[in-house]
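Examining the three-dimensional arrangement
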Amino acid sequence: MPPTGSDPARMNRKKGDKGFESPRPYKLTHQVVCINNINFQRKSVVGFVELTVFPTVANLNRIKLNSKQCRIYRVRINDLEAAFIYNDPTLEVCHSESKQRNLNYFSNAYAAAVSAVDPDAGNGELCIKVPSELWKHVDELKVLKIHINFSLDQPKGGLHFVVPSVEGSMAERGAHVFSCGYQNSTRFWFPCVDSYSELCTWKLEFTVDAAMVAVSNGDLVETVYTHDMRKKTFHYMLTIPTSASNISLAIGPFEILVDPYMHEVTHFCLPQLLPLLKHTTSYLHEVFEFYEEILTCRYPYSCFKTVFIDEAYVEVAAYASMSIFSTNLLHSATIIDETPLTRRRLAQSLAQQFFGCFISRMSWSDEWVLKGISGYIYGLWMKKTFGVNEYRHWIKEELDKIVAYELKTGGVLLHPIFGGGKEKDNPASHLHFSIKHPHTLSWEYYTMFQCKAHLVMRLIENRISMEFMLQVFNKLLSLASTASSQKFQSHMWSQMLVSTSGFLKSISNVSGKDIQPLIKQWVDQSGVVKFYGSFAFNRKRNVLELEIKQDYTSPGTQKYVGPLKVTVQELDGSFNHTLQIEENSLKHDIPCHSKSRRNKKKKIPLMNGEEVDMDLSAMDADSPLLWIRTDPDMAVLRKVEFEQADFMWQYQLRYERDVVAQQEAISALEKFPTPASRLALTDILEQEQCFYRVRMSACFCLAKIANSMVSTWTGPPAMKSLFTRMFCCKTCPNIVKTNNFMSFQSYFLQKTMPVAMALLRDVHNLCPKEVLTFILDLIKYNDNRKNKFSDNYYRAEMIDALANSVTPAVSVNNEVRTLDNLNPDVRLILEEITRFLNMEKLLPSYRHTITVSCLRAIRVLQKNGHVPSDPSLFKSYAEYGHFVDIRIAALEAVVDYTKVDRSYEELQWLLNMIQNDPVPYVRHKILNMLTKNPPFTKSMESPLCNEALVDQLWKLMNSGTSHDWRLRCGAVDLYFTLFGLSRPSCLPLPELGLVLNLKEKKAVLNPTIIPEAIAGNQEAAVNPSSHAQLVGFQNPEDDHLAKEASCNMSAHQQGVKRKADAPLGSPLEPGQILEKNEDSSKVTLRIRFSSSQDEEEIDMDTVHDSQAFISHHLNMLERPSTPGLSKYRPANSRSALIPQHSAGCDGTPTTKPQWNMELPRKGTDSSFSYDQLPVLLISRYDSFLNFYRLCSHQGLIKSADITGCLLGTRSRGENKAPALGVSRFCK
């Protein structure tokens, strides 16, 4: 039988060459899920599952499955009762009595707990013992049917119940339930093998009330009513092999719409929303046609279902043959802004049906391939639907996001491969979380991971061409399609799993090109490239001397070696040059094609073949250069800072036809507040053929330039005359025309210009009265009666404009603000906001956009001192029951108030909501907002930072968020932002405050509580080879002894607990054997079950322990000088050495009897001396005594050695073992 606690590294090796090797000793071929009772009142579920498995090894006697939250009643294998043990180490990562509060420690313990139940390592929370009657059956590798009865009561994750508290039956109230979660979270609602790599066919049965509809994966075979017609059972069959992680469920009183264009597609929505559903999904068939055409492959499933639900976990979640969407994506034909966003979500979900659901991944390290391909083909759909400009703008946006994130955090690694635990093998030492598993990742990191994956796919396309790229996708789909039809050859199903090596092999076979350097640069290592460019024109040689430098020493950067494209626009046309980047600072000479000819009138050819007249008076008389662009195709993941004259940026903005170049020029012109820049930006605003997003950016840039030029600005405020000319009546310029949003470009400009104008300031740094009056007139004369589109987003932007016009209040003698002494302008703004809020109560706008803007505006007034700072209004809007967008806006204001006013009461209120709010998305958003706008940070003093807050947040991430991976990782992010990686500064100095170096005979401050800059990286705590490790040993034998010692004194969190009165060095319990494997140097503990002669083997290297430090620091001066009892030693004090490895546990149950884990007596090992334990961290004298007793009991050291060391009388020995780290003692 293969080792069940195998490392995920096994999964990450190049498997494409040999096919997929399962970490499990069996193959799952079919699973039945039957939920026969769903109680909305109690929020409970009762049902059973039946798994059909084929053993792949002869001596299979344990089967591990995944199950969280579920109460398991009974397990039968082939109709025989089977014993089972249930153990979930992620429920409480560190022992509750632990005093440990450093995040390094938690991250390692959490990564270990997740690995301990990771199905990709062959582990699971549920361990089932195969009955001895079936052993012969198993040895013949015959089929096993595992039947498990389970129930769920008020699940906190995995299944989300929405039960509105109104009158009527559940169906009338719109009560519904749906599955949700981050990555593989199916284990939260039924027992399964929750791995993307374990495929099987499915039969799904759900019994619900007659008024309800159950939607699940695959084909609906039949619906059977009970005799009394009060209930009905939906029977679904999914014949395409699918992983449990891609199984989903939605039950509710849904209205059903069969797609009029594609009858195999069905849409479901909550009552009363059918008209919106019809409009929202009317476009979906075109997305199907596009994907099928470019992939030259039919949609893989026989049907597709879209379900729109309330209180969604994420906006879109894709599962096999169905997707679950937020009901907030539904919209009518009158809504402009939401339409492209919803269409993009629909297209994203459909792309994931091909790559993510139909084709799954072999292991977590192959996730980037699926996310990359689905993101890439979604990008192609976007280019076709919204045009090249929108597509390039999106690519630039995504590139800017990933560059900013990597430079901030130190890098995103797409293909993590984990070695033997050495520091250099830890690919993410700069992060405060482990990247070995998706469930330990920060949500922001995972979002950026997906972003980088599709950008890298685009780089691969640049290298091999789109034609070859699509051929590779077609090949993957064809192989998977063939494999999925092999109903009785389950070994073929591995063709439906994609691996990094298999994907790269396909690229090599199809294109014949070697892309290994590209993969090494962007996939196998993290970081982006940072270029600095400048140039000089050599008139004599007619040469452009270009200098490009790289910064590859900053965090999140890497050195780039390879081709770099530079585009030079000259008077005679646009020319591309490919430079070879080799060294850090490189000068390149680029020959120019044209001579300077300012006075000759001739049209200038552009890159797209267009010829234009230019006013060349601004340019340098000696130079033919108009502008220069570095990497115009975004073929490198980079940040470019290029220096060129302001007139070159102005030419680039006016005449370059690429939207990315125009955006770059606008960003650069902010640094050049001149009349020429003003004119260039105004020209762009007036150009109707210019891309609308570029014009919107130009509005804000013009406002910044106007503010910089405030003393020399002439004429009316920026953009006012332009807006008047475009959107106001000719006879009465202060009255806006009746709304007509038929031209979407004009619409977006019309709602952006006032927002930008409101940012203008006069010489006194106040918003000009003229601008405020103008915005108030726009609101006053707004008329939408003849418009076929809604103006709710436009009115919301007008409120944002009012908020932007607010400047800090001038207070005289700290007078209290009342309605009477309000600034008259502010009073007008406040009246407008109040009127809008009251109107919203009577006539709510779509998605309550106006209420959201009003709440933000009120917070701006509070922050600027115009109205009293008070969170009560926001807290009332943040309560459960309001629309989610309103709640998020109100919570954002409370988070801001908490930071500005340092309010402990509001912080507690927010933390209470994180723990108790019914909506998972809202809980996640609060954590996210607190992380981005924290009340304090690790580098500042704050009255909010205290021991109670540390304990509260520690408890939240340790055990309070075990039901939601995303929430727990969010709590870890917040803890890191507030307190950093090391022990929070507000806590008292721990008892382990001093380190006694036995060799050097001196005490130093414990490195684990030194400020973070000195503290080691997060892996240090469990890293047996790193220099910052906790105990250093010289050689494998010594390492083995240390493991023995740590086993001897540890308490196993998952049920292996020390007996209360077990004396030090007492023998093992009956039936236990502690042994060392000769081949692997591993210490293993064998437990013999009392009921039978079976043995359960526990790998002592991977026993997961979460004990902690003790609390008061060591007073060296009062320490007695010789070993012996002292007044400082409490009689009941005991200590344990923390094991150096906190990798996974082997699923040992909490239900078993407590086991003692003391070592049997061993002979003296003369090769070991105390010099090989150079540094000891000592808490209280008794802890030292315990360690001394252990070592002398094992014959490892002589008492004279320690006494001499304490007295300072022993001379240093010959052994020169370096002091590598500290060993930790715990109570």
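Quick caveat: nothing in here was measured; it's all calculated off a predicted structure.

1. As for the packing of helix α9 (residues 388–409) against helix α10 (residues 443–464)
At their nearest, the axes of α9 and α10 sit 10 Å apart, and the two run at 130° to each other. Taken together, the axis directions place α9 and α10 in an arrangement best described as oblique. Where α9 crosses over α10, the handedness of that crossing is left-handed. On α10, the residues that touch Y391, R392, W394, I395, E398, L399, K401, I402, Y405, E406 and K408 of α9 are E444, Y445, M448, C451, K452, H454, L455 and R458.

2. Overview of the sheet that holds strand β20 (residues 322–326)
Consider a sheet: its strands pair through backbone hydrogen bonds, and that pairing is either parallel or antiparallel. With mixed pairing, 5 strands are arranged side by side in an open sheet as β16-β17-β18-β20-β19. Whereas interior strands pair on both sides, the edge strands pair on one side only; in this sheet they are β16 (255–258) and β19 (316–319). Sheet twist, expressed as the mean angle between neighbouring strand axes with direction ignored, is 15°. Two strands pair when backbone bridges link them, and strand β18 (residues 304–309) and β20 are joined in this way by 5 bridges, in the parallel orientation. Across the sheet, I309 pairs through a bridge with S326, a residue of β20. Contacts from helix α5 (residues 274–281) reach β16, β17 (265–269) and β18 within the one sheet, and its direction differs from that of β16 by about 30°. Along the sheet, helix α7 (residues 338–354) contacts β18, β19 and β20; its crossing angle with β19, the most-contacted strand, is approximately 25°.

3. Notes on the packing of aromatic side chains
All told, the structure shown has 49 aromatic pairs when counted by the stated rule. For the pair Y182 and Y446, a centre-to-centre distance of 5.2 Å together with 65° between the ring planes defines the contact as edge-to-face. Residue Y182 is found in the loop between β10 (176–179) and β11 (199–209), and its partner Y446 is found in helix α10; the two are separated by 264 residues along the sequence. The buried category is assigned to Y446, whose relative accessible area is 5%. Seen from their ring centres, F288 and Y299 are 5.2 Å apart, and the 80° between their planes marks the pair as edge-to-face.

4. A word on helix α12 (residues 500–511)
In this model, α12 (12 residues) spans 16 Å end to end at C-alpha, consistent with the 16 Å of a helix rising 1.5 Å per residue. Restricting attention to buried positions, one finds in α12 the residues T500, S501, F503, L504, S506, I507 and S511. Looking at the buried positions of α12, the neighbouring elements they touch are α8 (367–386), α10, α11 (466–484), β22 (497–498) and α13 (516–522). Residue G512 follows α12 closely and has a positive phi angle near 70°.

5. Points about the confidence of the model for the chain
Mean pLDDT over the chain stands at 82; residues scoring 70 or higher make up 77%. Predicted confidence is poor over residues 1010–1185, with pLDDT under 50, and the contacts of this stretch with residues over four places away or in other chains come to 469 contacts. Note that pLDDT drops below 50 for residues 1187–1227; the model gives that stretch 117 contacts with residues more than four away or on any other chain.

6. Focus: the environment of V117
One can find V117 in the loop between α2 (103–116) and β7 (126–129). When the C-alpha atoms of V117 and L65 are compared, they prove to be 8.8 Å apart, with 52 residues separating the residues in sequence.

7. Quick look at the state of the cysteines
Counted under the stated rule, the structure contains 0 disulfides. Free of any disulfide, C728 has its nearest neighbouring cysteine sulfur in C729, separated by 7.0 Å.

8. Comments concerning the pattern of salt bridges
Under the definition given, this model contains 49 salt bridges. Where D658 meets R629, a salt bridge forms, and the shortest distance between an N and an O atom there is 3.0 Å. Here the residue D658 occupies a position in the loop between α14 (646–655) and α15 (659–669), and R629 occupies one in strand β30 (residues 625–630), the gap between them amounting to 29 residues. With a relative accessible area of 12%, D658 lands in the buried category. E797 is the partner of K751 in a salt bridge, and the nearest nitrogen-oxygen pair spans 3.2 Å. Linking K751 in helix α19 (residues 744–757) with E797 in helix α21 (residues 792–804), this pair joins segments that are 46 residues apart in sequence. Within the structure, one salt-bridge network assembled from shared partners comprises R392, R629, E656, D658 and E664.

9. With respect to helix α17 (residues 692–708)
Given a rise of 1.5 Å per residue, 17 residues ought to cover 24 Å, and the 25 Å separating the end C-alpha atoms of α17 matches this to within 8%. When we look at burial in α17, the residues that qualify are Y692, V694, R695, M696, A698, C699, C701, L702, A703, I705 and A706. Against α9, α15, α16 (675–686), α18 (720–727) and α19 lie the buried residues of α17.

10. As for the nonpolar core
Among the nonpolar cores identified, the biggest contains 331 residues, and Y291, F355, W368, I460, F473 and F503 are the most heavily contacted of them. The leading source of residues in this core is α10, at 12 residues. The contacts of F473, once residues within four sequence positions are left out, are L295, F355, I373, Y376, I377 and F503.

11. Examining the sheet that holds strand β12 (residues 213–216)
An order of β9-β10-β15-β12 is seen for the 4 strands of this open sheet, with the pairing classed as antiparallel. The open sheet terminates on both sides in strands that have one partner only, identified here as β9 (159–162) and β12. When the angles between neighbouring strand axes are averaged without regard to direction, this sheet yields 10°. Where β10 lies against strand β15 (residues 249–252), 2 bridges are found, and the strand directions are antiparallel. In the sheet register, V177 faces β15, and the bridge partner there is I251.

12. Re the pairing of β30
Most of β30 is tucked away, with 6 of its 6 residues classed as buried. Pairing of strand β25 (residues 562–570) with β30 involves 5 bridges; the strand directions are antiparallel. Bridge assignment links V566 to a residue of β30, and that residue is T630.

13. Considerations on the environment of L477
When you line up the elements, L477 lands in helix α11. C-alpha of L477 to C-alpha of I359: the two residues are 118 residues apart in sequence and 7.4 Å apart in space. Here L477 is in contact with L295, C297, F354, F355, F358 and I359, once residues within four sequence places are set aside.

14. Looking at the packing of α7 against α8
The geometry of α7 relative to α8 is characterised by a closest axis approach of 9 Å and an angle of 140° between their N-to-C directions. Of the possible angle classes, the one that applies to α7 and α8 is oblique. Here α7 runs over α8; the crossing is right-handed. For the pair formed by α7 and α8, the contact residues are P340, R343, R344, A347, Q348, A351 and Q352 on the first element and S374, I377, Y378, W381, M382 and F386 on the second.

15. Things to note about a nonpolar patch on the surface
There is a patch of nonpolar side chains on the surface, built from M839, L842 and L843 and spanning about 340 Å² of accessible area. Within the secondary structure, L843 sits in the loop between α22 (824–842) and α23 (849–863).

16. Let's talk about the pairing of strand β23 (residues 529–538)
Pairing of β23 with strand β31 (residues 638–642) involves 5 bridges; the strand directions are parallel. Counted as the bridge partner of V529 is R638 from β31. As paired strands, β23 and strand β24 (residues 543–550) are joined by 8 bridges and run antiparallel to one another. Looking across to β24, one finds that Y532 is bridged to K549. The hairpin turn running from β23 into β24, its antiparallel successor, is 4 residues long, and N542 in that turn takes a positive phi close to 55°.

17. Observations regarding the environment of F789
You can see F789 is positioned in the loop between α20 (769–780) and α21. On the basis of relative accessibility, which here comes to 9%, the residue F789 falls in the buried class. For the pair F789 and N740, spaced 49 residues apart in the sequence, the C-alpha separation amounts to 8.0 Å.

18. Description of unusual backbone geometry
Excluding glycine, residues mostly have negative phi values, and the peptide bonds linking residues are mostly trans. Here Q183, not a glycine, exhibits a phi torsion of approximately 55°, which is positive. Relative to the assigned elements, Q183 resides in the loop between β10 and β11. Classification of Q183 by relative accessible area gives buried; the value is 13%. In the Ramachandran plot, R847 falls in the positive-phi region, its phi being about 55° despite a non-glycine side chain.

What counts and what doesn't
- Residues numbered from 1 in each chain as written.
- Predicted model: local features only at pLDDT ≥ 70, side-chain atom pairs only at ≥ 80, totals over all residues.
- Heavy atoms only, no water.
- Axes fitted to C-alpha atoms, helices over the stretch in contact; angles between N-to-C directions.
- Helix = DSSP H or I, 4+ residues; strand = E, 2+ residues; numbered from the N terminus.
- Parallel < 35°, antiparallel > 145°, perpendicular 65-115°, else oblique.
- Left-handed = near helix turned anticlockwise from the far one by under 90°.
- Contact = heavy atoms within 4.5 Å.
- Pairing = 2+ DSSP bridges.
- Phe/Tyr/Trp six-rings, centres within 6.5 Å; stacked < 30°, edge-to-face > 60°.
- Buried < 20%, exposed > 50% of the residue type's maximum accessible area, 1.4 Å probe, protein only.
- Expected span 1.5 Å × (residues − 1).
- pLDDT = per-residue confidence, 0-100.
- Disulfide = S-S within 2.5 Å.
- Salt bridge = Lys/Arg side-chain N within 4 Å of Asp/Glu carboxyl O.
- Core = buried A, V, L, I, M, F, W, Y, C linked by side-chain atoms within 4.5 Å.
- Patch = residues over 30% accessible without salt bridge, like charges linked within 9 Å, V, L, I, M, F, W, Y side chains within 5 Å.
- Areas by Shrake-Rupley, 256 points an atom, 1.4 Å probe, with all protein chains shown as cover.

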